[in-house]
Amino acid sequence: MLKKPAETMRDVHPLIRDRWSPRAMDASKPVSKDDLISVLEAARWTASSNNVQPWRFIVATADRPEAHAKALEGFNVRNQRWAKNAPVLIIVLARKVTDDGAANGPAHYDTGAAVAQLVIQATALGLSVHQAGGIDKDKIRTSYNVPDDTDILVAFGLGYQADASVLPDDLAEREKTPRARKSLSDIVFNDTYGEKMMF
Ligand SMILES: Cc1cc2nc3c(=O)[nH]c(=O)nc-3n(C[C@H](O)[C@H](O)[C@H](O)COP(=O)(O)O)c2cc1C
């Protein structure tokens, strides 16, 4: 199976080094209930501002074909081409208010952190995640009756990586694209914003 380990200046944990976002997923290999619960637990135990825990997840598994098809409809057409093979589809939402009804500014930040934890746990279990910002939020809001105090952020496919040949040709080609990142000097500053820290 295609691997794309991160090239780093110093060692990082193998789960971080080896995680990447394949679009090719094995539609014939379900994710066990235990593993699904594990990844959701990893998200649940994320730190959040005032422990508000704003993250919400809508989970659809391929063993419930109608539910899976409904979640797939939430992806835009481009993303549906790969997401259909993912045995688990998850829509990520962030509740913008606390249980007391006060505005919760860090809701998006905390929810992103929860997804990051989920992704690392998935990697530890040999699973892959591919996230998609390309979703139809209006459709999701209507079809799942999402309340106004909750933002729809992203959706993702969870499953076992498959050979790129399961993808349409253009996506199979993109699967081979090297992973790239800005350098640390571009994103880490010293005394003033923009003053690059040199490594
Ligand atoms: C919030 C978010 C939105 C994304 N949206 C899409 C998307 O709509 N379609 C897609 O094919 N990939 C999408 N991706 C995948 C990114 O393109 C991918 O994570 C990025 O290129 C880095 O690659 P890596 O995850 O393999 O390191 C998204 C990733 C994130 C985190």
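Just above sits the structure.
The rules we used
- Residues numbered from 1 in each chain as written.
- Predicted model: local features only at pLDDT ≥ 70, side-chain atom pairs only at ≥ 80, totals over all residues.
- Heavy atoms only, no water.
- Salt bridge = Lys/Arg side-chain N within 4 Å of Asp/Glu carboxyl O.
- Buried < 20%, exposed > 50% of the residue type's maximum accessible area, 1.4 Å probe, protein only.
- Helix = DSSP H or I, 4+ residues; strand = E, 2+ residues; numbered from the N terminus.
- Near = heavy atom within 4 Å.
- Polar contact = N/O pair within 3.5 Å; in protein donor to acceptor, adjacent residues only side chain to side chain.
- Areas by Shrake-Rupley, 256 points an atom, 1.4 Å probe, with all protein chains shown as cover.
- Contact = heavy atoms within 4.5 Å.
- Phe/Tyr/Trp six-rings, centres within 6.5 Å; stacked < 30°, edge-to-face > 60°.
- Lys NZ or Arg CZ within 6 Å of the ring centre and 35° of its normal.
- Patch = residues over 30% accessible without salt bridge, like charges linked within 9 Å, V, L, I, M, F, W, Y side chains within 5 Å.
- Pairing = 2+ DSSP bridges.
- Axes fitted to C-alpha atoms, helices over the stretch in contact; angles between N-to-C directions.

**Q** Help me understand the pattern of salt bridges in this model?
**A** One side chain can pair with another of opposite charge once the charged atoms of both are near each other. Throughout the structure, instances matching the rule amount to nine salt bridges. A salt bridge links Arg 17 to Asp 18; the shortest N-O distance between them is 2.9 Å. In this structure Arg 17 comes out as partly exposed when scored by relative accessible area, which is 33%. A residue is classified by how much of its surface remains accessible, and Asp 18, at 35% relative accessible area, is partly exposed. With a shortest N-O distance of 3.2 Å, Lys 139 and Glu 73 are connected by a salt bridge. Here the residue Lys 139 occupies a position in helix α6 (residues 137-143), and Glu 73 occupies one in the loop between α3 (65-72) and α4 (77-83), the gap between them amounting to 66 residues. Lys 139 gets classed as partly exposed once you look at its relative accessible area, which sits at 33%. A single salt-bridge network, built from bridges that share partners, covers Arg 95, Asp 99 and Asp 149.

**Q** What is the right way to read the site of the ligand from this model?
**A** Surveying the vicinity of the ligand reveals 14 residues, the closest of which are Ser 21, Arg 23, His 130, Gly 133 and Arg 181. Take Ser 21: an N or O atom from its side chain is 2.4 Å from an oxygen atom of the ligand. Between the ligand and the protein, one listed contact pairs a nitrogen atom with a side-chain N or O atom of Asn 79 at 2.8 Å. Protein burial of the ligand: of its 610 Å² of free accessible surface, 61% is covered by the chains. Elements that contribute at least two residues to the shell around the ligand include exactly α4 and β3 (128-132). Among the elements that take part in the shell around the ligand, β3 stands out by supplying three residues, more than any other.

**Q** Mind showing me how you'd approach the side chain of Asn 79 here?
**A** Mapped onto the elements, Asn 79 comes out in helix α4. Once you skip the residues sitting within four places of it in the chain, Asn 79 turns out to touch Ala 132 and Gly 134.

**Q** Help me understand the packing of aromatic side chains in this model?
**A** The relative placement of two aromatic rings is captured by the distance of their centres and the angle of their planes. Taken as a whole and judged by the stated rule, the model has two aromatic pairs. Arranged with centres 6.0 Å apart and planes meeting at 85 degrees, the rings of Phe 75 and Trp 82 form a pair that is edge-to-face. On the basis of relative accessibility, which here comes to 2%, the residue Phe 75 falls in the buried class. Judged by centre distance (4.6 Å) and plane angle (65 degrees), the ring pair of Phe 189 and Tyr 193 falls under edge-to-face. By relative accessible area, Phe 189 is classed as partly exposed at 26%. It is Lys 29 that lies over the ring of Tyr 160; its NZ or CZ is 4.2 Å from the centre.

**Q** Whenever I open this one, a nonpolar patch on the surface confuses me. Can you help?
**A** A grouping of Met 9, Leu 184, Ile 187 and Phe 199 is seen on the molecular surface, where their side chains present a nonpolar patch of about 400 Å² in accessible area. Within the secondary structure layout, Phe 199 lies in the segment after α8 (184-187). Judged by its relative accessible area of 49%, Phe 199 falls in the partly exposed class.

**Q** How do you make sense of the sheet that holds strand β1 (residues 55-61) when you look at a structure like this?
**A** Hydrogen bonding along the main chain pairs the strands of a sheet, whether they run parallel or antiparallel. The strand order across the open sheet formed by four strands is β1-β2-β4-β3, and the pairing between neighbours is antiparallel. Every other strand in the sheet has two partners, leaving β1 and β3 as the edge strands with one partner each. Averaged over all pairs of adjacent strands, the angle between strand axes in this sheet comes to 25 degrees, irrespective of strand direction. Summarising the sheet, β1 and strand β2 (residues 88-95) pair through seven bridges and their orientation is antiparallel. For Thr 61, the partnering residue across the bridge sits in β2 and is Val 88. Packed on one face of the sheet, helix α2 (residues 33-44) meets β1, β2 and β4 (150-159) and runs near 170 degrees to β1. The strands touched by α3 are β1 and β2; relative to β1, the strand with the most contacts, the crossing angle is about 125 degrees.

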